[in-house]
Amino acid sequence: MIGQTIRPAALSFKKIKNMFRSLRMRWEVRRGRALDIWSAGEYPADVLSNLCSNRFRLDGVECQSMEGFLQSLKYEDPNRQRQICSMKGRNAKRQSTTTWQTDQILWWKGRAIDRQSEDYQELLRRAYQAMFDQNERFRAALMASRGKRLCHTQGNRDPFATILTEQEFCSILAEIREAYDARNKQLPPPPRIFCIALTEVLESSEDPLETLRMLSQNYDCDLYVSISSTEENLNLE
């Protein structure tokens, strides 16, 4: 009709919200405040991706990647599960299927698990914890993300349409990272070692025992090591 203004289709509130969130996360990533995890990203984002070949074992099953483990959960047959677990990330991703979405049931070693249950959340946490404990590369990459907010902007956010939402993925990694830091803070500091050649003390001091005692008083160290080619043994008590 002449004179009618044609307006673009109105964006839904959800799409607008996601658009602003994406822009905000990009800004935080550029400022170094966040880390967007994906396989084509820079370290450590690429190593933290589920597609990365981070090997680990869970409940006796060898997994070549987290993607292999996740995709295997869609299959009831334990042998088929083991086969997919043994695949690297991209090969495992090709085994994806949506048949589980109908009844929201996933499988692990012959046991049915409700996708929306706490049991499933615990299984996810155990899998990521196993990978963190067993795989040094993954552990180093996660700890390299200290001080940054974790995100996965390419991930699905609907728990009924995906076996791992962005929120589940990033919150599990953040919890593991923070727990590891908290555990390390509780450990006693490593001993500081002071090394001295015993032969030099014997040659340069009239009273070697007194010299070693003075060193013990003047240096804030937890452990003293005397190195000597002789068989002499001084009692420092």
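All of the points below concern the structure found in this document.

Taken as a whole, this structure holds four aromatic pairs when the rule is applied. Between Phe56 and Phe69, the aromatic rings sit 6.4 Å apart at their centres with planes inclined by 70 degrees, giving edge-to-face as the arrangement. Taken as a pair, Phe56 in strand β2 (residues 56-58) and Phe69 in helix α3 (residues 66-72) lie far apart in primary sequence, 13 residues in all. An angle of 75 degrees between the planes, with centres 5.0 Å apart, marks the rings of Phe69 and Trp108 as edge-to-face. Here Phe69, found in helix α3, pairs with Trp108, found in strand β4 (residues 105-108); they are 39 residues apart in sequence, far enough to count as distant. Residues Phe69 and Trp108 agree in their burial class; the two are buried. Among the aromatic residues, those joined into a cluster by ring pairs are Phe56, Phe69 and Trp108. The ring of Tyr75 carries Arg80 above its face, with NZ or CZ at 5.2 Å from the centroid.

Take the pattern of salt bridges next. One pass over the full model with this rule turns up seven salt bridges. Here Arg126 ties to Asp59 by a salt bridge, and the two come within 2.9 Å at their closest N and O atoms. Remark: Asp59 occurs in the loop between β2 and β3 (61-63) and Arg126 occurs in helix α6 (residues 118-134); sequence separation between them is 67 residues. Among the residues examined, Arg126 registers a relative accessible area of 33% and is labelled partly exposed. With a shortest N-O distance of 2.9 Å, Arg146 and Asp181 are connected by a salt bridge.

Turning to its location among the elements, Thr162 is positioned in the loop between β6 (149-151) and α8 (166-186). A distance of 3.3 Å separates the side chain of Thr162 from the backbone oxygen of Leu164, its partner in a polar contact. The residues contacting Thr162, other than those within four sequence positions of it, are Trp100, Arg115 and Asn156.

Take the environment of Gln71 next. Mapped onto the secondary structure, Gln71 falls in helix α3. For the pair formed by Gln71 and Gln95, sequence separation is 24 residues and the distance between their alpha carbons is 6.7 Å. Apart from residues lying up to four places away in sequence, Gln71 is in contact with Ile84, Ala92, Lys93, Gln95, Ser96 and Ile163.

All right, on to unusual backbone geometry then. Omega for the bond connecting Tyr43 with Pro44 falls within 30 degrees of zero, at 5 degrees, which places this linkage in the cis form. Looking at the secondary structure, you find Pro44 in the loop between β1 (34-36) and α2 (45-48). Here the phi dihedral of Asp59 falls at roughly 50 degrees; this positive angle occurs in a residue that is not glycine. Despite not being glycine, Gln104 shows a phi value in the positive range, around 60 degrees. Gln104 sits in the buried class, given a relative accessible area of 9%.

With that settled, the discussion passes to the packing of helix α7 (residues 136-143) against α8. Two elements in contact, α7 and α8, have axes separated by 10 Å at closest approach and are oriented at 85 degrees. With respect to their mutual orientation, α7 and α8 come out roughly perpendicular. Mapping the contact onto sequence places Phe138, Arg139, Leu142 and Met143 in α7 and Leu173, Ile176, Arg177, Tyr180 and Asp181 in α8. Grouping the constituent residues of the contact of α7 with α8 by class yields six nonpolar, no polar and three charged.

The rules behind the values
Residues numbered from 1 in each chain as written. Predicted model: local features only at pLDDT ≥ 70, side-chain atom pairs only at ≥ 80, totals over all residues. Heavy atoms only, no water. Phe/Tyr/Trp six-rings, centres within 6.5 Å; stacked < 30°, edge-to-face > 60°. Helix = DSSP H or I, 4+ residues; strand = E, 2+ residues; numbered from the N terminus. Buried < 20%, exposed > 50% of the residue type's maximum accessible area, 1.4 Å probe, protein only. Lys NZ or Arg CZ within 6 Å of the ring centre and 35° of its normal. Salt bridge = Lys/Arg side-chain N within 4 Å of Asp/Glu carboxyl O. Polar contact = N/O pair within 3.5 Å; in protein donor to acceptor, adjacent residues only side chain to side chain. Contact = heavy atoms within 4.5 Å. Axes fitted to C-alpha atoms, helices over the stretch in contact; angles between N-to-C directions. Parallel < 35°, antiparallel > 145°, perpendicular 65-115°, else oblique. Nonpolar A, V, L, I, M, F, W, Y, C, P; charged D, E, K, R; others polar.

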